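# Structural description and commentary
Here is what each chain is made of, one letter per residue.
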Amino acid sequence: MGEIKKVGVLGCGLMGSGIAQIAAQAGFETIVREVSDEFIEKGKTRIAKTLDRAVAKGKFESADRDATLERLRFTTSVKDLADRHMVIEAVTEDLDMKNALWKELDGLCEPETIFASNTSSLTIAAMAAATARADRFVGLHFFNPVPIMKLVEVVRTVTTSPKTFERAMAFAKSLGKVPIAAKDNSGFIVNLLLVPYLLDAIRQLEHGIGSVEDIDKGMVLGTGHPMGPFTLLDFVGIDTTYYIAEIMFNEYREARYAPPPLLKRMMLAGLHGKKAGKGFYDYGADPPTVTDLGL
Ligand code: 3HC
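### Some points on the packing of aromatic side chains
In the structure shown here, the tally under the stated rule is six aromatic pairs. On the basis of an interplanar angle of 75 degrees and a centroid distance of 4.9 Å, the ring pair of tryptophan 102 and phenylalanine 137 is categorised as edge-to-face. You can see tryptophan 102 sitting in helix H4 (residues 95-108) and its partner phenylalanine 137 sitting in strand E6 (residues 137-142), a full 35 residues away along the chain. A residue is classified by how much of its surface remains accessible, and tryptophan 102, at 0% relative accessible area, is buried. Both rings, one in tyrosine 252 and one in tyrosine 257, keep their centres 5.1 Å apart while their planes meet at 40 degrees; by these two values the pair is tilted. Members of the aromatic cluster, joined through ring pairs, are Trp102, Phe115 and Phe137. Taking NZ or CZ as reference, arginine 133 lies 4.3 Å from the ring centre of phenylalanine 115, over its face. Looking at arginine 156, its charged tip hangs above the ring of phenylalanine 165, at a distance of 5.6 Å from the centre.

### What about the packing of helix H8 (residues 212-223) against helix H9 (residues 229-236)?
When two helices pack together, their arrangement is given by the angle between their axes and by how far apart the axes lie. The interhelical angle for the contact between H8 and H9, taken along N-to-C directions, is 100 degrees, at an axis separation of 7 Å. As judged from the angle between their axes, H8 and H9 are roughly perpendicular. From H8, Val212, Ile215, Asp216 and Met219 reach across to H9, where they touch Pro229, Phe230 and Thr231. By residue class, the composition of the contact of H8 with H9 is five nonpolar, one polar and one charged.

### A closer look at the site of the ligand
As a structural note, the neighbourhood of the ligand is formed by 18 residues, with Arg53, Lys57, Ser120, His141 and Asn144 the closest of them. With respect to the ligand, the side chain of lysine 57 contributes an N or O atom lying 2.8 Å from an oxygen atom. Taking lysine 59, its side chain carries an N or O atom lying 3.5 Å from an oxygen atom of the ligand. Burial of the ligand by the surrounding chains reaches 65%, relative to a free accessible area of 1000 Å². Mapped onto the shell around the ligand, the elements with two or more residues apiece are helix H2 (37-56), helix H7 (190-206) and H9. Of the residues that constitute the shell around the ligand, the class distribution is ten nonpolar, five polar and three charged. When residues are assigned to domains, the shell around the ligand turns out to be shared by domain 1 (6-183) and domain 2 (191-285), each giving three or more.

### What about the sheet that holds strand E3 (residues 72-75)?
One open sheet holds the eight strands; their spatial order is E3-E2-E1-E4-E5-E6-E7-E8, and the pairing between them is mixed. Each edge of the sheet is formed by a strand with only one pairing partner; in this case those strands are E3 and strand E8 (178-183). On average, adjacent strands in this sheet sit at an angle of 25 degrees to one another, irrespective of strand direction. Direction of pairing for E6 relative to strand E7 (residues 151-156): antiparallel, over a ladder of four bridges. By the bridge assignment, glycine 139 is partnered in E7 with valine 155.

### Re the nonpolar core
In this structure, Val7, Met86, Ile88, Leu140, Phe142, Val154 and Phe171 are the most contacted members of the largest nonpolar core, which totals 33 residues. For this core, the secondary-structure elements that each account for two or more residues are strand E1 (6-10), helix H1 (14-25), H2, strand E4 (86-89), strand E5 (114-117), E6, E7 and helix H6 (162-174). What isoleucine 88 contacts, discounting residues up to four positions off in sequence, is Val7, Gly8, Val9, Leu10, Ile19, Ala116, Leu140, Phe142 and Phe171. Judged by nonpolar contacts, the second largest core, of 24 residues, contains Leu199, Tyr242, Tyr257 and Tyr281.

Calculation rules
Residues numbered from 1 in each chain as written. Predicted model: local features only at pLDDT ≥ 70, side-chain atom pairs only at ≥ 80, totals over all residues. Heavy atoms only, no water. Phe/Tyr/Trp six-rings, centres within 6.5 Å; stacked < 30°, edge-to-face > 60°. Helix = DSSP H or I, 4+ residues; strand = E, 2+ residues; numbered from the N terminus. Buried < 20%, exposed > 50% of the residue type's maximum accessible area, 1.4 Å probe, protein only. Lys NZ or Arg CZ within 6 Å of the ring centre and 35° of its normal. Axes fitted to C-alpha atoms, helices over the stretch in contact; angles between N-to-C directions. Parallel < 35°, antiparallel > 145°, perpendicular 65-115°, else oblique. Contact = heavy atoms within 4.5 Å. Nonpolar A, V, L, I, M, F, W, Y, C, P; charged D, E, K, R; others polar. Near = heavy atom within 4 Å. Polar contact = N/O pair within 3.5 Å; in protein donor to acceptor, adjacent residues only side chain to side chain. Areas by Shrake-Rupley, 256 points an atom, 1.4 Å probe, with all protein chains shown as cover. Domains from an automatic or database assignment. Pairing = 2+ DSSP bridges. Core = buried A, V, L, I, M, F, W, Y, C linked by side-chain atoms within 4.5 Å.

What follows is the structure, encoded as structure tokens:
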């Protein structure tokens, strides 16, 4: 079985651009596919900014940044990913959209090519089954911000072959990440534990146990978390958290995964967190202030 040298990334949003960056940084010739030139520009700018910041901090030589950028190519055509050895998908969490891409690539790529999804909430088995390579299909779940967070959950579904799983573990290591083995249950390992914790923080806020600031301070200063639950909810995205919780609740039918009413109201109101400028905190101010949610 050939070595993985050429990597394809589907999607150049927050996660896709991070994955493409670390793949190119690790020496893989990387092609990123996005739907439009506008999205490509956004992704390129994000990657360039992150690399420039690393150079400015002295973490990265400017020659390494240039070499990383040289290993990165962008395209709007799925066909350009035909010669890839590993394709990682990080597009919107829409199963039909993902499966349409997988089906197209299944007919284009070599039989040895491994398909990997960065989904945080959808079932890997449902994507693998859309292809004729269900044994060469895994989950590779990265964490935000991808260039910084060391973890990758390597997800083995019921059809993943041991060989594919091994190759995916080795690939994650070659990206400089620490892989852990996860099963294809909704939430894998980290979100299975993290999401109920975040939802609980919202419930405690609804119950008036403490303020947004005090609950955040409590978890940062009392337990050494890098961010309190409300800062983390804003960072992950209120809409994203709601969406993941709904899927987990549907899978397990347990109350602890049910999105609390406040989360749903914030999602509906467009208070989607940091990326929207406002969530539990208002990012229009520096430092951010607590949003008045009428609690
Ligand atoms: N992109 C790239 N790099 C970033 C970044 C970003 N968006 N934000 C911060 N960084 C880098 C900084 O450049 C800095 O790099 P350096 O150490 O090489 O100099 C490093 O991260 C630390 O940044 P700061 O000093 O500015 O800030 P902090 O010390 O507060 O760290 C943080 C920021 C790394 C984001 C830290 O607060 C943290 O670890 N937070 C928790 C993040 C977390 O839990 N992520 C997982 C979310 S769950 C998820 O992704 C799963 C999904 O399915 C929902």
